[in-house]
Amino acid sequence: MVDGDHPELDESSPLDDDDEHDRQYQMLIGMLNWIVCLGRIDVAFSTSSLSRFTACPRKGHMDRVLRVFGYLKKYKNRQFVVNS
């Protein structure tokens, strides 16, 4: 997330009234949760923050979700190595 970018303070308009956009947002959040479970813990905080808005997402929340997917695409080979 960008410095000063708080999803809680988002004042953008809600997604369109049809439930299709809400379901799409929920599906994307579910995908991010799955990716976090697979080991991409670098997006865990963003995913957790954005998952709070699955009931009534706004356009700004959708933009942030797409930004996380852009980050994952850009850094698709990033790995965390844990020595035991």
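It should be noted that the structure appears before, not after, this text.
Structural notes, computed from the coordinates.

Calculation notes
Residues numbered from 1 in each chain as written. Predicted model: local features only at pLDDT ≥ 70, side-chain atom pairs only at ≥ 80, totals over all residues. Heavy atoms only, no water. Helix = DSSP H or I, 4+ residues; strand = E, 2+ residues; numbered from the N terminus. Buried < 20%, exposed > 50% of the residue type's maximum accessible area, 1.4 Å probe, protein only. Contact = heavy atoms within 4.5 Å. Areas by Shrake-Rupley, 256 points an atom, 1.4 Å probe, with all protein chains shown as cover. Core = buried A, V, L, I, M, F, W, Y, C linked by side-chain atoms within 4.5 Å. Axes fitted to C-alpha atoms, helices over the stretch in contact; angles between N-to-C directions. Left-handed = near helix turned anticlockwise from the far one by under 90°. Nonpolar A, V, L, I, M, F, W, Y, C, P; charged D, E, K, R; others polar.

Observations concerning the overall build of the protein
Reasoning step 1: Scanning the protein from terminus to terminus reveals 3 helices and 0 strands.
Reasoning step 2: When its helices and strands are written in sequence order, the protein yields α-α-α.
Reasoning step 3: A buried classification covers 31% of the 84 residues belonging to the protein.
Reasoning step 4: Partitioning the contacts of the protein with sequence separation of at least 6, the portion at a separation of at least 24 is 79%.
Reasoning step 5: Of the roughly 6,000 Å² of accessible surface on the protein, 54% is carried by carbon and sulfur atoms.

A look at the nonpolar core
Soluble, globular proteins show a tendency: their nonpolar side chains are buried together.
Reasoning step 1: Tyr-25, Leu-50, Val-65, Val-68 and Leu-72 are the most contacted members of the largest nonpolar core, which totals 14 residues.
Reasoning step 2: No other element matches helix α1 (residues 19-37), which puts 6 residues into this core.
Reasoning step 3: Setting aside residues up to four positions removed in sequence, Leu-72 forms contacts with Leu-32, Ile-35, Arg-40 and Val-43.

Re the packing of α1 against helix α3 (residues 59-74)
Reasoning step 1: Running from N to C, α1 and α3 cross one another at 35°; their axes reach a closest spacing of 11 Å. Along this stretch, α1 crosses α3, giving a crossing that reads as left-handed. For the pair formed by α1 and α3, the contact residues are His-21, Gln-24, Tyr-25, Leu-28, Ile-29, Met-31, Leu-32 and Ile-35 on the first element and His-61, Met-62, Val-65, Leu-66, Val-68, Phe-69 and Leu-72 on the second.
Reasoning step 2: Its residues assigned to classes, the contact of α1 with α3 comprises 12 nonpolar, 3 polar and no charged.

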